[in-house]
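Tertiary structure, described
Read off the chains here:
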Amino acid sequence: MTPPADTTDTASETPQGPLTGLRVLDLATLFAGPICATMLGDFGAEVIKVEHPRRPDPSRGHGPSKDGVGLWWKTLGRNKKNLTLDLSSPGGREVLLKLVAESDVVVENFRPGTLEKWHLGWDELSAANPRLVLARVTGFGQFGPYAHRPGFGTLAEAMSGFAAITGQPDGPPTLPPFGLADSIAALATSYAVMAALRGRDTTGRGQVVDMAIIEPMLAILGPQATWYDQLGYVQPRTGNRSTNNAPRNTYRTRDEKWVAVSTSAQSIAERVMHLVGRPEFIDEEWFTTGAGRALHADELDAAVGGWIAAHTRDEVVAAFEKAEAAIAPVYDIRDVLADEQYRALDSITELPDPDLGTVKMQNVLFRLSETPGAIRWTGRPHGSDTDEILGGLGLSEAAVASLREAGAV
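What this report covers is the structure whose coordinates are included nearby. Being a predicted model, the structure only gives us computed values, none of them experimental.

Looking at the pairing of strand β1 (residues 23-26)
Of the two faces of β1, both are covered, the one formed by Arg23 and Leu25 as well as the one formed by Val24 and Asp26. Taken together, β1, helix α1 (residues 32-42) and strand β2 (residues 46-51) constitute a β-α-β crossover, and its handedness is right-handed. Sheet topology places β1 next to strand β6 (residues 105-108); 3 bridges connect them, and they run parallel. Within β6, the residue paired with Asp26 across the bridge is Val107.

Description of the side chain of Asp353
By the secondary structure assignment, Asp353 is in strand β12 (residues 348-353). Asp353 sits in the buried class, given a relative accessible area of 4%. A polar atom in the side chain of Asp353 sits 2.9 Å from the backbone nitrogen of Asp355. Looking at Asp353, its side chain comes within polar contact range of the side chain of Thr378, at 2.4 Å. Dropping the residues within four chain positions of it, Asp353 is found in contact with Lys74, Thr358, Val359, Thr378 and Gly379.

Topic: the sheet that holds strand β10 (residues 258-261)
With respect to topology, 3 strands assemble into an open sheet ordered β9-β10-β11, the strand pairing being antiparallel. In this open sheet, the two edge strands, each paired with only one partner strand, are β9 (249-252) and β11 (327-329). The sheet shows a mean angle of 30° between the axes of neighbouring strands, direction not considered. Pairing analysis gives 3 bridges linking β10 to β11, with the strands arranged antiparallel. Within β11, the position partnered with Val261 by the bridge is Ile327. Running at roughly 35° to β9, helix α13 (residues 297-309) makes contact with β9 and β10 of the sheet.

Section: the nonpolar core
With 46 residues, the main nonpolar core has Val24, Leu40, Ala45, Val105, Val107, Ile213 and Met217 as its most contacted residues. Of all the elements in the fold, those that place two or more residues in this core are α1, α2 (71-76), β6, β7 (133-138), α7 (162-165), α8 (180-203), β8 (208-212) and β13 (357-362). Sort the elements by how many residues they give to this core and α8 lands first, with 10 residues. Sequence-distant contacts of Met217, defined by excluding residues within four places in its chain, comprise Ala156, Glu157, Ser160, Phe162, Leu180, Ala181 and Ile184.

About the thresholds
- Residues numbered from 1 in each chain as written.
- Predicted model: local features only at pLDDT ≥ 70, side-chain atom pairs only at ≥ 80, totals over all residues.
- Heavy atoms only, no water.
- Buried < 20%, exposed > 50% of the residue type's maximum accessible area, 1.4 Å probe, protein only.
- Helix = DSSP H or I, 4+ residues; strand = E, 2+ residues; numbered from the N terminus.
- Right-handed = clockwise from strand over helix to strand, strands pointing away.
- Pairing = 2+ DSSP bridges.
- Polar contact = N/O pair within 3.5 Å; in protein donor to acceptor, adjacent residues only side chain to side chain.
- Contact = heavy atoms within 4.5 Å.
- Axes fitted to C-alpha atoms, helices over the stretch in contact; angles between N-to-C directions.
- Core = buried A, V, L, I, M, F, W, Y, C linked by side-chain atoms within 4.5 Å.

As C-alpha cells, then:
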C-alpha cells in the first residue's frame, strides 16, 4: 500500500485494484454517501465527484484547515476526480445523463423526490443506462412517514437505540463525537453496491439501493430487538461495563494513563484474577459465567483497578501480555501514530500533496494479496477536473464555454 511518488493516476505507478474499470458518480454530500464513494475509489474505481458550481460540498470546509486548505477533504476527496454541474439546469442534466450512460454506479443523498424534480430519477437514469446501480442514501429511506425529513447521522445514533445504551447509568444518553452512523452507513452502502453489481452479472440489469442511515446502526446493536420481543428486556446504560461479562472496563494506571481490559472468555478472566493476586474469585460459583461475573462487577473492578493503579501503563501491558490476558492501552491520535503495530500495517500512511507538501491519513481499509487498493492522490480542488471530464464526453471547448456562461458547470 505504498503510495506512488507523485499524484498522477497511471497504471504503471499504481496497482490495479479489483474495482478498476468501474466508474462511480458521487453526487452526495456530508458524509455517508461520499465516504462510500471514497471506499470504492480506494480499490480502483474511477470516482467522479459532482458538485454544484457555486456551492461546493460543505465537507470541504468542515473541521480544521491549514493555510486555507480544508484538511478533512484531503481524506474524503482522495482518489476522486472533481466536476462541477448544476443538476437543476437543463445543461447540467444533459451532461449528467451523458456521464450516466458511461458509468456503473451513482451515489446520491438528496432528499427523496429531488432527483425526480430535476427529471433525473430512476426512470430517466436507467433509461440512459439499464445496467446502472443507483445508491440512494438518506436518513430514513425512500418511503414511510419520515422519508421526507432531513436526516443526519446524529439522528440515526439517537433513533437506533445507540445513544440510549451509551453513557453512564446516572448520566444522559450519549452521542459519539464523530460521524459514527454515517461511517457505518458508508460501509453498508459499499457492500450494497457490490451486491447490486454482482446481481447485475446475473440479470444484466442495474437496480436501486435504498439505504436508510437509521438501519445499519440498528443492525450492529446486537440482539436488542430479539431480547425485547422474547423477554421484554431493555438494555440499560452501563458505562464501560457489560451485562455479559466482567471485569470489562477502563482503568487508570500509576502514571495517569488508561488501559482497557476485556474478559469475554472464561479462560481470560481466570488469568486476570491470577495476575492481580485474587485467584480465590475463580472458585466462586458466580465466576463460572460471564453474566455471573457481571453481577459482581464492583468486586472485580476493585481488584483489577487496584492492581493496575499500582503500576505504570507499560508495566501493566507487559504483565497482561506475559499472562496472555487481553488488554489495550487507551490511545489518542499521538499514540496511534507512534504505535509499532499500526506502523507495521502502514495504517496511517504519508502521501504527497500539492498544497501541503506531504500529508498523513488513514490508509485503505484492508489488504488484498493480489489486487491491493491504493491512495492514488489526495483530495483535489473544487471542479479541478471539469474540462478533462467534459472533453472526455466529446464536448468541444465552445460547448463547455457555453455551459459555463449558462451557469451549468
